Amino acid sequence: GSLRVDTVSQKDVYHINSVDEISQWEIVFCVPQLSEAFMIPALTAIFDQYPFLIFNFHSDRGHETINYLVADLLQRLLIKQTKSRSYHSGDNALVETKNGSVIRKNMGWEHINQKLCDEINRYYRDYFNPYLNFHRPCAFPTIVTDEKGRKEKSYQLYQTPYEHLKSLPESRKYLRPGVTFAQLDGKAYSHSDNDFAKIMRAEEEKLFGKIRETDRQNGSSRKT
């Protein structure tokens, strides 16, 4: 696993978005602040949700990921840390694209009270992250070289991150100790893609009902 990591601000909370650049496996986590007190537990929880070993962690130069505590955590886990070059936003294009197509598309822009981070993370862990990885297809590029040597990306392969993970040569050796494809198959095939999407959307409606009710109780007049 080679993770691309970025954060998305939504008023009073921050979504930490992480995407494996090989399989496009994606884990999202929510924190109330981008402080060291929240980032270390958040990154630990993110790593624990990946079924395979992580060998690289790439981010931009934000203080939330470039600090000695994060560096110490990654060093203890034997994960190499790399960072984007200044003024080269394309260095982290994969996760930044998914910030919009996944985070903004599903979580929107409306205000979220900080006290609901635990509720959001339960939704992410039990419904949203499994949906992204077991039931939502992603486009995987093929590099095509023309007769002049120019390289272009062609998108003809569409798979879920889990399907792509299983298709990799010797994929079993990349799994974390104690994780098997039999266990992951149980999660992937217990529901059809459409059925799990309906379950996920129903839970999303419950979550946003709590978000709006909390804003009403707090006297907030913020709107979507």
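Please refer to the structure placed before this passage.
Residues numbered from 1 in each chain as written. Predicted model: local features only at pLDDT ≥ 70, side-chain atom pairs only at ≥ 80, totals over all residues. Heavy atoms only, no water.

A. Layout of the environment of A37. Secondary-structure assignment places A37 in helix α1 (residues 36–49). Here A37 falls in the exposed class, since its relative accessible area comes to 60%. Along the primary structure A37 and R61 are separated by 24 residues, whereas in three dimensions their C-alpha atoms are 19 Å apart. (Helix = DSSP H or I, 4+ residues; strand = E, 2+ residues; numbered from the N terminus. Buried < 20%, exposed > 50% of the residue type's maximum accessible area, 1.4 Å probe, protein only.)

B. Fine view of the sheet that holds strand β4 (residues 56–59). Reading across from one edge, β3-β2-β1-β4-β5 is the order of the five strands in this open sheet, with mixed pairing throughout. At either end of the open sheet lies a strand with only one pairing partner, and these are β3 (26–31) and β5 (80–83). Ignoring which end each strand starts from, the neighbouring axes of this sheet average 25° apart. In terms of strand pairing, strand β1 (residues 2–10) meets β4 through four bridges, oriented parallel. Counterpart to V5 in the pairing with β4 is S59. Strands in contact with helix α4 (residues 117–134) are β2 (13–20) and β3; relative to β3, the strand with the most contacts, it is inclined by about 170°. (Pairing = 2+ DSSP bridges. Axes fitted to C-alpha atoms, helices over the stretch in contact; angles between N-to-C directions. Contact = heavy atoms within 4.5 Å.)

C. Up close: helix α7 (residues 193–217). Taking 1.5 Å per residue, 25 residues should reach 36 Å; α7 reaches 36 Å between its end C-alpha atoms and fits that length. Residues F196, A197, M200, E204, L207, F208, I211, T214 and D215 constitute the buried set of α7. Of the surrounding elements, those touching the buried residues of α7 are α3 (93–107) and α4. (Expected span 1.5 Å × (residues − 1).)

D. Structural context of the nonpolar core. Ranked by size, the top nonpolar core spans 29 residues in total, and within it W25, L43, I46, F47 and Y50 carry the most contacts. When residues of this core are traced back to their parent elements, those giving at least two are β1, β3, α1, α2 (68–76), α5 (161–167) and α6 (181–188). With six residues, α1 is the largest single contributor of residues to this core. Counting 22 residues, the second largest nonpolar core, distinct from the first, contains L116, F128, Y131 and F208. (Core = buried A, V, L, I, M, F, W, Y, C linked by side-chain atoms within 4.5 Å.)

E. Summary view of the pairing of β4. Because side chains alternate across β4, one face comprises the buried residues N56 and H58, and the other comprises F57 and S59, equally buried. Looking at chain direction, β4 and β5 are connected through four bridges and run parallel. Across the sheet, F57 pairs through a bridge with Q81, a residue of β5. Handedness of the crossover joining β4 and β5 through α2: right-handed. (Right-handed = clockwise from strand over helix to strand, strands pointing away.)

F. Broad picture of the side chain of N113. Within the secondary structure, N113 sits in the loop between α3 and α4. By relative accessible area, N113 is classed as buried at 13%. Within the local environment of N113, its side chain forms a polar contact with the backbone nitrogen of K115, the two atoms lying 2.9 Å apart. For N113, the residues in contact, after removing those within four places along its chain, are V13, T214 and N218. (Polar contact = N/O pair within 3.5 Å; in protein donor to acceptor, adjacent residues only side chain to side chain.)

G. Molecular detail of the packing of aromatic side chains. Evaluated as defined, the whole model comprises eleven aromatic pairs. Geometrically, the ring pair formed by W25 and F134 is edge-to-face, given 5.3 Å between the ring centres and 85° between the ring planes. Remark: F134 occurs in helix α4 and W25 occurs in the loop between β2 and β3; sequence separation between them is 109 residues. Considered together, W25 and F134 belong to a single accessibility category, that of buried residues. Residues W25 and Y162 carry aromatic rings whose centres are separated by 6.4 Å and whose planes lie at 80° to one another, so their mutual orientation is edge-to-face. Here W25 is found in the loop between β2 and β3, whereas its partner Y162 is found in helix α5, with 137 residues between them in sequence. Here W25 falls in the buried class, since its relative accessible area comes to 2%. Ring-pair connections join several aromatic residues into one group, and the members of that group are W25, Y50, F52, F134, Y162, F181 and Y189. Lying across the ring of W109, R104 places its NZ or CZ 3.8 Å from the centre. (Phe/Tyr/Trp six-rings, centres within 6.5 Å; stacked < 30°, edge-to-face > 60°. Lys NZ or Arg CZ within 6 Å of the ring centre and 35° of its normal.)

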